[in-house]
Amino acid sequence: FRTGGQWILVVTMRDISEQKRKQVDLLWQATHDPLTGLPNRNLIHDRLNHALQRSRRQGLSLALLFVDLDGFKLINDTYGHKTGDQLLKTVGNQLIDMVRPGDTVARLSSDEFVILCEQLEQPTSISALAERINYILRQPAELDGQQLYLSASIGIAVGHGSTHSADDLLRAADTAMYEVKEQGR
């Protein structure tokens, strides 16, 4: 305002850093698995929708691998939830190390992981990734002085943005994984 021929500026400042930090924390909690830090079901669904849009524009396929750990309940029951949680973190890190930069590894629930692989020029190459995952997961994991063995059943769905929805691909990958389980894992 102007008073006596001079401009006077009145400023009110408030530090909202803490509010912003809380908003970021809440968003992270809503989109990530608290145990592994991986994207959760909500975030993978969102990323899958965006990947399908890019697929439609670029003309490249994408793949979704549905990874279910075989016998995980037995490990939890035998060695306890703390060891089971450590094993899930280890598996999450192993999966991240096996995928390309830009691919997404997510944890859907208990012992279920999903891997989203975009821009596939050769969709058949995704089976090589599934074989590598199975090979790595079959190697014994050393946790708390115990050697733990596990394997995974992996269902694969390959799709394209012009023909599939996110729900279609998730359902197809889940169905393929259950088919693998029924055939002996």
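The preceding data block contains the structure.
Each chain has its residues counted from 1, running along the sequence as written. This being a predicted model, a pLDDT of at least 70 is required before a residue's local features are given, and a value of 80 or more before pairs of side-chain atoms are given or counted; all residues contribute to the totals for chains, interfaces and linings. Water and hydrogen atoms were dropped before computing side-chain values, which therefore reflect all heavy atoms in the structure.

### Structural notes on the nonpolar core
This is how it is decided: Among the buried residues, those of types Ala, Val, Leu, Ile, Met, Phe, Trp, Tyr and Cys that are joined through side-chain atoms within 4.5 Å form a nonpolar core. Using a 1.4 Å probe on the protein chains alone, a residue whose accessible area is under 20% of its type maximum counts as buried, one over 50% counts as exposed, and one in between counts as partly exposed. Secondary structure elements follow DSSP: runs of H or I of four or more residues count as helices, runs of E of two or more count as strands, with numbering from the N terminus. Only heavy atoms matter for contacts: two residues are in contact if any of them lie within 4.5 Å across the pair.
Counting residues in each nonpolar core, the largest one holds 29 residues, and the members touching the most others are Leu 65, Leu 69, Leu 87, Ile 115 and Ile 133. Only strand 3 (61–70), helix 3 (72–79), helix 4 (81–98), strand 5 (112–120), helix 5 (126–138), strand 6 (141–143) and strand 8 (151–159) provide two or more residues apiece to this core. Not counting residues up to four positions away in its chain, the partners in contact with Leu 69 are Leu 88, Val 91, Asp 111, Phe 113, Leu 137, Leu 150, Ser 151, Ala 152 and Lys 181. Core analysis: the next-biggest nonpolar cluster, separate from the first, contains 17 residues, Leu 62, Leu 64, Phe 66 and Ala 106 among them.

### Quick look at the pairing of strand 5
Applied cut-off: For two strands to be treated as a pair, DSSP must find no fewer than two bridges joining them.
Most of strand 5 sits inside the fold, with eight of its nine residues counted as buried. With seven bridges connecting them, strand 3 and strand 5 associate as antiparallel partners. For Ser 61, the partnering residue across the bridge sits in strand 5 and is Leu 120. Bridge count for strand 4 (residues 104–109) against strand 5 is five bridges, and the pairing is antiparallel. When the bridges of strand 5 are listed, Arg 107 appears paired with Phe 113. The hairpin formed by strand 4 and strand 5 contains two residues between the paired strands.

### Points about the packing of helix 3 against helix 4
The line we're drawing: Axis definition: a line fitted to C-alpha atoms, limited for helices to the stretch in contact. Angles are taken between N-to-C directions and run from 0 to 180 degrees. Roughly parallel means an angle under 35 degrees; roughly antiparallel means over 145; roughly perpendicular covers 65 to 115; every other angle is labelled oblique. Gly is put with the polar residues, along with every residue not named as nonpolar or charged; the nonpolar set is Ala, Val, Leu, Ile, Met, Phe, Trp, Tyr, Cys and Pro, and the charged set is Asp, Glu, Lys and Arg.
It is at 6 Å that the axes of helix 3 and helix 4 come closest, and there the two elements cross at 140°. When the axes of helix 3 and helix 4 are compared, the pair comes out oblique. On helix 4, the residues touching Phe 72, Ile 75, Asn 76 and Tyr 79 of helix 3 are His 81, Thr 83, Gly 84, Leu 87 and Leu 88. Of the residues contributing to the contact of helix 3 with helix 4, the split by class is five nonpolar, four polar and no charged.

### Examining the pairing of strand 3
Along strand 3, 10 of the 10 residues are buried, which leaves the element largely enclosed by surrounding structure. Taking every second residue as pointing to the same face, both faces of strand 3 are buried, with Ser 61, Ala 63, Leu 65, Val 67 and Leu 69 on one and Leu 62, Leu 64, Phe 66, Asp 68 and Asp 70 on the other. The pairing of strand 3 with strand 8 spans nine bridges and is antiparallel. Note on strand 8: the bridge partner recorded for Leu 69 is Ala 152.

### Structural notes on the sheet that holds strand 3
Strand order in this open sheet of four strands is 4-5-3-8, and the pairing throughout is antiparallel. On the outer flanks of this sheet lie strand 4 and strand 8, each paired with one strand and no other. Taking each pair of neighbouring strands and ignoring which way they run, the sheet shows an average axis angle of 20°. Lying on the sheet, helix 4 is in contact with strand 3, strand 4 and strand 5; it crosses strand 5 at an angle near 10°. In the packing of helix 6 (residues 166–182) onto the sheet, contacts are made with strand 3, strand 5 and strand 8, and the angle to strand 8 comes to roughly 140°.

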